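Structural description and commentary
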Amino acid sequence: MMQISFKPLGIRNNIVAGFLTLLPVAASLALFIWLFNTVTSFIPSLVQAINNPMLNSMTEHKLFMICLRIISIFLILGVLFFVGLFTKFFLGKNIIKIWEKVIARIPVLSTVYTTLQQLIDALQISQKGIFHKVVLVNYPNEYSYAIGFITSDACKEINTKCGDNIQAVFVPTTPNPTSGFLLFVQQEKIVELDMSVTQGIQLVISGGTVKPESMISGKDGAPVITPAPDTRNIDANQFKGKSTPPSTEQSSD
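Report on the accompanying structure. (Residues numbered from 1 in each chain as written. Predicted model: local features only at pLDDT ≥ 70, side-chain atom pairs only at ≥ 80, totals over all residues. Heavy atoms only, no water.)

Together, Ile 98, Val 102, Ile 106, Val 108, Leu 109, Val 112 and Leu 116 make up an exposed nonpolar region whose accessible area comes to about 610 Å². When residues of the nonpolar patch are traced back to their parent elements, those giving at least two are helix H5 (90-104) and helix H6 (107-128). It is H6 that contributes the most residues to the nonpolar patch, 4 residues altogether. Along the polypeptide, Leu 116 turns up in helix H6. (Patch = residues over 30% accessible without salt bridge, like charges linked within 9 Å, V, L, I, M, F, W, Y side chains within 5 Å. Areas by Shrake-Rupley, 256 points an atom, 1.4 Å probe, with all protein chains shown as cover. Salt bridge = Lys/Arg side-chain N within 4 Å of Asp/Glu carboxyl O. Helix = DSSP H or I, 4+ residues; strand = E, 2+ residues; numbered from the N terminus.)

Written out as structure tokens, the structure reads:
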């Protein structure tokens, strides 16, 4: 049976846990209300500009103004839909390229635009179907793991010269997953993970602070991965001229 602690320390921990639980909900609600009021802030000015006596009298009713704001949201979504549809055509793509060239010449605005564009690209990666599976590979050496995404099978030439079952793995950088390194790794040296591509991207962007549920298993939430190579088999000659190799056995006095 679960026991509830009423000690001062237990009360404080429960309050902190409750605060951290409700914080994302409250922040999301506040952000939604702020966006709603900001996007629809032009409605009162637009109604006054129309200068219709009947319409002006109806603006005194809050319910009527809320309905106008909701209708304006749907109109804005419709405009965004047609803008997105337009950018898929040849003319729309050219206009976007010209716009980006103009922005790139403005010192401060170009930095802000590039940063926002990288964040948007990172959020859209999982929806483009570029990555097929989240994996772990030995990188930058055989004693550490890096999270990566399988993009495709290697080309015929690489498979012929390096062996069969070579996979193309993209290893992203943190916190910007739009840049990284392309590795060609043998299938048997790849550790496949159960998490989704979206969860893998979240893990990279957060620097490991956001842990998907699929990584948590066993005691203490330790991730289950293939063990690192046994360092006891390291040849001591490779450490000549370097610092003393790490000892793997406890010395007895």
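From this point, things continue past the structure.
Counting 13 residues, the largest nonpolar core has Val 134, Ile 147, Phe 149, Met 195 and Val 197 as its most contacted members. Residue assignment for this core shows that the elements contributing at least two residues are strand E1 (133-138), strand E2 (145-153) and helix H8 (197-205). Other than its neighbours up to four places away in sequence, Ile 147 contacts Val 134, Val 135, Leu 136, Val 171, Pro 172, Met 195, Gly 200, Leu 203 and Val 204. With 9 residues, the next largest nonpolar core counts Ala 146, Val 171, Leu 183 and Ile 190 among its residues. (Core = buried A, V, L, I, M, F, W, Y, C linked by side-chain atoms within 4.5 Å. Buried < 20%, exposed > 50% of the residue type's maximum accessible area, 1.4 Å probe, protein only. Contact = heavy atoms within 4.5 Å.)

To continue, consider the pattern of salt bridges. Working definition: two side chains of opposite charge can pair if their charged atoms are close together. Enumeration over the complete set of coordinates arrives at 1 salt bridge. One salt bridge connects Glu 157 with Lys 161, and the closest N-O pair in it is separated by 3.2 Å. Here Glu 157 and its partner Lys 161 are both found in helix H7 (residues 156-162), 4 residues apart, which amounts to about one turn of the helix. Take Lys 161: its relative accessible area is 65%, and that puts it in the exposed class.

Attention shifts here to the pairing of E2. With 6 bridges joining them, E1 and E2 adopt antiparallel strand pairing. Paired with Val 134 across the bridge in E2 is Phe 149. Linking two consecutive strands that pair antiparallel, namely E1 and E2, is a turn of 6 residues. Here 4 bridges tie E2 to strand E3 (residues 166-172), and the two strands are oriented antiparallel to one another. Among the inter-strand pairings, Ile 150 is bridged to a residue of E3, identified as Val 169. (Pairing = 2+ DSSP bridges.)

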